[in-house]
Structures are given as structure tokens and as C-alpha cells.
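Chain residues, written in single-letter form:
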Amino acid sequence: MEIIIKKDYHRMCGEAVKLIHQSWQKKKDLVLGLATGKTPLGVYEGLIRLYREREMDFSEISAFSLDEYLGIPDEHPQSFAFYMQQNFFQHVNFKNENIFRLDGLPDDIEAHCYEYEEKIRMTGGIDIQILGIGRNGHIGFNEPSSSLSSRTRVKTLTQETIAANTPFFLDKKQIPRYCLTMGIGTIMESRMILLLASGQEKSHAIRQSIEGPITATIPASILQLHVQAKIIVDEEAAGQLERKSYYRWVYEHKDNVDDFLADKKTK
Ligand code: PGA
């Protein structure tokens, strides 16, 4: 894992945008896995800016959504499909056929989840998965105790999530009780994972995920087993990390290894 500590939310998002842009320069048909929530909004804004400045083109990029509420249609303002459309897709030039979403109203849940995984495989797999993290360490809707090798499936929402959603639904009968989410095993197959966390409220989950044991109780701790997981946090989210100065040291020096070696060879 690489731990990248940035001064504030803006710089944290900028780092993720830079990494995505660099990957796109090498592979124009990048496959992205996209998360909702407030954390990645700055990343989508940064990518939209690159598109407007003609620095980036999305016509060959594919996108897969990480999760979706079950029981509400795409056009519902609380659906993740709506969020992605409003905050990202409608502002850049994705082709419709390259946008893949979990359907909140599938005919057959199991078949839909299976087909979603098939689609990920058929595009060649996710190159970069963007993740947020819950205060309890969840990734996607994989709440504590989710199997660390789980696949895309239906999950029962926690009572806290249902309570938090209640104000957003005028029709209380529409409040979702279930969701679909990529599994932890699915997420782990992505070539690169960018997990972002901002604010003091995430600092405990970040510390447990990075410096604690790998455990289904903290789903994000599984990223310790991923060869290309970058945890990008702001100062507040890094607040409880014990080895903060070491992470900074590594980040500052990692790009100098070629110069270091060249220097040794000429001596
Ligand atoms: P947030 O959600 O970005 O809105 O904090 C993250 C999550 O719960 O996964």
C-alpha cells in the first residue's frame, strides 16, 4: 500500500485526478470503477475540468458503478445512477455503451449480479477503482463482516444507513432496505485502487485499515493485500496514523530511485 497524505481535500482529490490522467495517457480505453458519496466529488470535478481544457477525452473510457440501492429507478434523485449522471457523466463525453450500472430494479437479482461481473471481465477488468470509506471501514456497501472474497450481490442495509437516508425520501415507502454492491473480491481484482478519505471522522477507520490487522470487521483492511492500493488522505483523515512521518518520507523519495541508481553507476 502507498499512503499519500495531502494537506487538504482539494489537494487529495488533485492527486487522484493526476493518477487517473497519467494512466489514461498510457491507456486511452481505461476502465474505471466509480464510487458515489461526498468524498469523490472533487475527483469528478477535476476530471471534468481536464475534459473542458481538452486535456482528457472520455470517448474510449468505460465506467462501472460500485453500488446501487435496490428498489428505486435510475431517475430517482437518490439513486447512484442519478448521482453519477449529475456529477460526472453528463459533463464529459462518455459513450452510453461504455457506462455500466447496477440496476436498482433488476428482473433477476442473481442473474443481474452475475452478468455485471461478466461485463467487467469482458472489458478486460477494472484498471482503476475509486473508493471512499465508511466510518466503520466499509468499502462500497460491504459492511463489517462481509466476506473478504465476496462478489457482486445483494446486501441488507444497516439500520444506521436506513436512518441516515430517511430525510431524503419524501415517500417513506421508497426508503431502500437493500442494495447491490460489487463484492470485496470483485474490488480486489482491480489493477489499481485509489481509496480517498477526508476529515477527522474518517481518521479511526483509516488507522485501522492501514495499521491494524486484516479483518472482515474493517473491510478496507483487505487493501493491505493489494499490490497497487493507494490510500489518499487529507491531514485530518491521517490524524490517527502512527507512522505518518514514514509515509511522508517514502512518498517524497519514491520517484528518485532511478536518479539514485544512475548516480551510483557513474561513480
Ligand atoms: P462519503 O461516503 O464519501 O459520503 O463519506 C463514503 C462511504 O460511505 O463509502
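Before any of the text, the structure's been laid out above.
Note that the coordinates shown come from a computational prediction; the quantities given were computed from them, not determined experimentally.

Asks: Go over the overall build of the chain, please, and point to the residues and values.
Replies: Each helix and strand counted, the chain has 9 helices and 10 strands in total. Here the C-alpha radius of gyration of the chain, 19 Å, is about what a compact globule of 267 residues would show, namely 18 Å. Considered along the principal axes of its C-alpha atoms, the chain spans approximately 70 × 40 × 30 Å. Across the 267 residues that make up the chain, the buried fraction comes to 52%.

Asks: So what's going on with the sheet that holds strand E4 (residues 67-69)? Which residues, and what values?
Replies: Overall, antiparallel pairing links the 3 strands, which are arranged E4-E8-E7 in an open sheet. Among the strands making up the open sheet, the edge pair consists of E4 and strand E7 (153-156). The average undirected angle you get between the axes of adjacent strands in this sheet is 30°. Pairing analysis gives 4 bridges linking E7 to strand E8 (residues 178-181), with the strands arranged antiparallel. Note that in E8 the partner of threonine 156 across the bridge is tyrosine 178.

Asks: Run through unusual backbone geometry, naming residues and quoting values.
Replies: For arginine 54, which is not a glycine, the phi torsion comes out positive at approximately 60°. With respect to the helices and strands, the residue arginine 54 is situated in the loop between helix H2 (41-52) and strand E3 (62-65). Here arginine 54 falls in the exposed class, since its relative accessible area comes to 78%. A positive phi is found at serine 145, a non-glycine position, where the angle reads about 90°. Structurally, the position occupied by serine 145 is in the loop between strand E6 (128-131) and E7.

What counts and how
- Residues numbered from 1 in each chain as written.
- Predicted model: local features only at pLDDT ≥ 70, side-chain atom pairs only at ≥ 80, totals over all residues.
- Heavy atoms only, no water.
- Helix = DSSP H or I, 4+ residues; strand = E, 2+ residues; numbered from the N terminus.
- Rg over C-alpha atoms; globule rule 2.2 N^0.38 Å.
- Buried < 20%, exposed > 50% of the residue type's maximum accessible area, 1.4 Å probe, protein only.
- Pairing = 2+ DSSP bridges.
- Axes fitted to C-alpha atoms, helices over the stretch in contact; angles between N-to-C directions.

Limitation: the analysis is restricted to geometry and does not speak to function.
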